[in-house]
Amino acid sequence: VSAIDARDLPGVKNPKSRLYWQFPAPVKEDYKISREEEEEEEEDKQSYYVNMGHAVRSIREEFPLLFYKELNFDIYRDDIVFKDPMNTFMGIDNYKSIFGALRFHGRIFFRALCVDIVSVWQPTENTLMIRWTVHGIPRGPWETRGRFDGTSEYKFDKNGKIYEHKVDNIAINSPPKFQMLTVQE
């Protein structure tokens, strides 16, 4: 804001008055958004939604089969971070190893395994949440069933690729150890 003495301006009747006004800041040409930049930004936005949609669809279709089929890893960044309540792993190779180990141990310790997706929701634009349940029948002479409930939180980058997968709220619902007997009179 600048002040100019009124005596310097012709036609001002009160010589003691001062005039105040703001001078506009010059706009540099490189700050103006060109039509090409707007189109490029729109293409990036479209690419984000296409990639994210592909990732969501892949997860919904492949997650239930994770004990029997390798997942589609092109929806993840190479530097993905996997977190569970006890561990943190970094990198796509470690991420692939985790799911390979799940498939391997699932085949060894269980006769049958299945994953149910209970719900899918998006709390923020770049986050996807999935509540899931794993049902299993362990190998062995006893008739029992196992159940594991949990959530997976996926975070997306500006390109619609997953950069973080966090598993949480894991609850193991094991069957009762003793069979309840009725009281007979």
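Owing to the predicted nature of the structure, the values given are computational and were not obtained by experimental measurement.

**Digging into the overall build of the protein chain**
Inference 1: Looking only at helices and strands, the protein chain has 2 helices and 8 strands in total.
Inference 2: The buried share among the 185 residues of the protein chain stands at 30%.
Inference 3: The long-range fraction of contacts in the protein chain, counting pairs at least 24 apart against all pairs at least 6 apart in sequence, stands at 47%.
Inference 4: Put simply, the protein chain shows about 13700 Å² of open surface, and 53% of that area lies on carbon and sulfur atoms.

**Describing the sheet that holds strand E3 (residues 76-83)**
Inference 1: Sheet architecture is open: 6 strands sit in the order E4-E3-E8-E7-E6-E5, paired in mixed fashion. Edge positions in the open sheet fall to strand E4 (88-90) and strand E5 (110-124), since each of these has one partner strand only. The average undirected angle you get between the axes of adjacent strands in this sheet is 20°.
Inference 2: Across 3 bridges, E3 lies against E4 in antiparallel orientation. The residue bridging Val81 from the neighbouring strand is Met90, located in E4.
Inference 3: In the packing of helix H2 (residues 92-109) onto the sheet, contacts are made with E3, E4, E5, strand E6 (127-138), strand E7 (146-156) and strand E8 (162-172), and the angle to E3 comes to roughly 55°.

**Some remarks on H2**
Inference 1: Helix length check: H2, at 18 residues, gives a terminal C-alpha distance of 26 Å against a target of 26 Å (1.5 Å per residue), a fit within 8%.
Inference 2: When we look at burial in H2, the residues that qualify are Ile92, Tyr95, Ile98, Phe99, Arg103 and Gly106. Down the axis of H2, the buried set is contained in an arc of 130°. They therefore lie on one face.
Inference 3: Tucked into the core, H2 has its buried residues touching E3, E4, E5, E7 and E8.

**A few points about the environment of Arg145**
Inference 1: Inspection of the secondary structure puts Arg145 in the loop between E6 and E7.
Inference 2: Judged by its relative accessible area of 60%, Arg145 falls in the exposed class.
Inference 3: Measuring from C-alpha to C-alpha, the distance between Arg145 and Leu113 comes to 10.0 Å, with 32 residues separating the pair along the chain.

**Describing the side chain of Glu62**
Inference 1: Within the element layout of this structure, Glu62 appears in helix H1 (residues 35-62).
Inference 2: The side chain of Glu62 sits in the buried core without any salt bridge; Lys69 is the nearest counter-charge, 4.8 Å away.
Inference 3: What Glu62 contacts, discounting residues up to four positions off in sequence, is Leu71 and Asn72.

**With respect to the nonpolar core**
Inference 1: The biggest cluster of nonpolar side chains holds 29 residues, and the ones touching the most others in it are Ile59, Tyr76, Tyr95, Tyr154, Phe156 and Ile162.
Inference 2: Here this core takes 5 residues from H1, the largest share from any one element.
Inference 3: Not counting residues up to four positions away in its chain, the partners in contact with Ile162 are Ala55, Ile59, Ile75, Tyr76, Arg77, Ile80, Tyr154, Lys155 and Phe156.

The rules behind each value
Residues numbered from 1 in each chain as written. Predicted model: local features only at pLDDT ≥ 70, side-chain atom pairs only at ≥ 80, totals over all residues. Heavy atoms only, no water. Helix = DSSP H or I, 4+ residues; strand = E, 2+ residues; numbered from the N terminus. Buried < 20%, exposed > 50% of the residue type's maximum accessible area, 1.4 Å probe, protein only. Contact = heavy atoms within 4.5 Å. Areas by Shrake-Rupley, 256 points an atom, 1.4 Å probe, with all protein chains shown as cover. Pairing = 2+ DSSP bridges. Axes fitted to C-alpha atoms, helices over the stretch in contact; angles between N-to-C directions. Expected span 1.5 Å × (residues − 1). Arc of directions from axis to C-beta. Lys, Arg positive; Asp, Glu negative; His and termini not counted. Salt bridge = Lys/Arg side-chain N within 4 Å of Asp/Glu carboxyl O. Core = buried A, V, L, I, M, F, W, Y, C linked by side-chain atoms within 4.5 Å.

Everything listed here is a matter of coordinates, which is why it stays silent on function.
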